[in-house]
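Survey of secondary and tertiary structure
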Amino acid sequence: MANFIKINENDNVAVALDVIPENTTVNVAGSDVTTTMEIPAGHKFALVDMPEATPVIKYGFRIGNTTAAVKQGEWIHTHNLKTGLGDLLDYTYEPNFAEEKYTEDATFMGYNRKNGKVGVRNEIWIIPTVGCVNNVASKIAELSKDLVCENIEAVCAFPHPYGCSQMGDDQEHTRQILANLINHPNAGGVLVLGLGCENSNIDVLKGYMGEIDTDRVKFLVSQESDDEIAEGVEIVKELAKYASQFKREPISVSKLIIGMKCGGSDGFSGITANPTVGRFSDILISKKGTTILTEVPEMFGAETILMNRCANEELFNKTVDLINDFKNYFKSHNQTIYENPSPGNKKGGISTLEDKSLGCTQKSGSAIVKGVLAYGEIVSTPGLNLLSAPGNDLVAATALAASGAHIVLFTTGRGTPFACPVPTMKISSNSRLAGKKENWIDFNAGVVAEGEDLDTAGQRLFDEVVAVASGKEVKSEKAGFHDMAIFKQGVTL
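Model, not experiment: these values are computed from the prediction. (Residues numbered from 1 in each chain as written. Predicted model: local features only at pLDDT ≥ 70, side-chain atom pairs only at ≥ 80, totals over all residues. Heavy atoms only, no water.)

Attention now goes to the sheet that holds strand β1 (residues 4-5). Strand order across the open sheet formed by four strands is β1-β2-β5-β8, with antiparallel pairing between neighbours. Two strands bound the open sheet, and with one partner strand each, they are β1 and β8 (75-76). Where strand β5 (residues 44-46) meets β8, two bridges bridge the pair, whose relative direction is antiparallel. By the bridge assignment for β8, F45 is matched with W75. (Pairing = 2+ DSSP bridges. Helix = DSSP H or I, 4+ residues; strand = E, 2+ residues; numbered from the N terminus.)

Rendered as structure tokens:
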């Protein structure tokens, strides 16, 4: 098997699938190329001579321009490649998509809720309105662990540092994210724990929650209680008794909402893990399900691909605003728009933001964009949706959960143990990571680089998602991890 891949026929670089020693001759699409130096796994090498300022093409698109003359067979990375991105751009809607074809339905074993929503977990959540009661929330969860049984799958708290001393959008975001999580159908019961004097107190938060099922959601104001921990534990017992009435039953996968996110990417992410998720997304959407793609800064450089797959011009304009609003956010803080790939990304072979973005957007598959969501907005349209959120792993994954995702698919080439409020499936881009961090990784897409075709990998992932939706624990759940983070942009009082 070849130890390199040329991703698109128009590319002028190939990617090493394993270390390629110096002076190794490989045949790429009928042409012999001899490496002029060792090429690390996941990194690029030139297929032709390139003068300075030559566009470097990968995935069929430009990922930057050479900053010096590059010889055929030479390693191409941050030392001789620079982004070609500018600041704000003008875009034109040029639709480029095929009509979606629907396939036979499938089912998972989930929970039907009284309000018509469905869940993939039946957990008790303790959600603090403000960071001041984080430790109280965690203590109540700790003292309630004995309630976990076959039908109550977890009792967990979601500490966060906000809920007070916030202004403007930050305060609104906190309230909306907390309200959305309180209403999330993966929670069979919720204790909302307040302090009493915070800006986003319980009475304020109720205004963001809509209709409240008082059997499912209980409230406790710590300043009004003689012993908030003891009282909280008793309330959790009531919630567990209520939630225990729900049983798993067959539900159409058309009801599933799956979030898609990547982090700690490497040179394999856009070749194995991300396109595998893309194939999964297409399969789920063909069964009338829903997927959500986020991390807007990692769309920069690949945004026109998504824009031209928008179902109509209104969605195209929303996507333009999605991109430009985030660029203006960077500019308003005097930050460079394109300085995104992390040290870990670069070590793994990603050289520019375009390089990362073109790999990142592979997760969207080929589906039509049916919705564009503001941060904190709940998804309402089946199919592929784009969500406004940053690239930060915890913030973006929490945003996906708050927008309605039952499960988050998280692709990675470097590995991470984190979780979010919903099951967070870790998908490795390479087999080395999957073997080394079996306690983190739930699915190995690295086998695509070893010969498995993407359609097969996508179907395997679909089957695994159905299993997780039906109750199979992901590794972070087995470890007892439950995290959340809220997007902060403004001042703190």
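Below, the discussion takes up the pattern of salt bridges. By the definition in use, this model includes 16 salt bridges. The salt bridge involving K58 is made with D355; its shortest N-O contact spans 2.9 Å. With K58 in strand β6 (residues 55-58) and D355 in helix α9 (residues 353-360), this residue pair connects regions lying 297 residues apart in the sequence. Like K58, the residue D355 is buried in the burial classification. Measuring nitrogen to oxygen at the nearest pair gives 2.9 Å for the salt bridge that ties D455 to R279. With D455 in helix α12 (residues 454-469) and R279 in helix α5 (residues 273-286), this pair connects stretches of sequence that are 176 residues apart. Residue classification places D455 among the exposed residues on the basis of a relative accessible area of 52%. Three or more residues joined by partner-sharing salt bridges are found here, namely K261, E295, K363 and D393. (Salt bridge = Lys/Arg side-chain N within 4 Å of Asp/Glu carboxyl O. Buried < 20%, exposed > 50% of the residue type's maximum accessible area, 1.4 Å probe, protein only.)

Taken as a whole, this structure holds twelve aromatic pairs when the rule is applied. Ring plane angle 35 degrees and centroid distance 6.2 Å describe the contact between F280 and F462, whose orientation is recorded as tilted. You can see F280 sitting in helix α5 and its partner F462 sitting in helix α12, a full 182 residues away along the chain. When sorted by exposure, F280 lands in the same class as F462, which is buried. Considering the side-chain rings of F326 and Y329, the 5.6 Å spacing of their centres and the 90 degrees angle between planes classify their relative orientation as edge-to-face. One end of the pair, F326, and the other, Y329, are both in helix α7 (residues 313-332), three residues apart, so they sit about a helical turn from each other. For F326, a relative accessible area of 5% corresponds to the buried category. Its relative accessible area of 22% is what places Y329 among the partly exposed residues. Here a set of aromatic residues connected by ring pairs shows up, and it is made of F300, F326, Y329, F330, Y375 and F487. Taking the ring centre of F300 as reference, the NZ or CZ of K327 above it sits at 5.4 Å. Of note, K437 hangs over the ring of W440, and the distance from its end group to the ring centre comes to 4.1 Å. (Phe/Tyr/Trp six-rings, centres within 6.5 Å; stacked < 30°, edge-to-face > 60°. Lys NZ or Arg CZ within 6 Å of the ring centre and 35° of its normal.)

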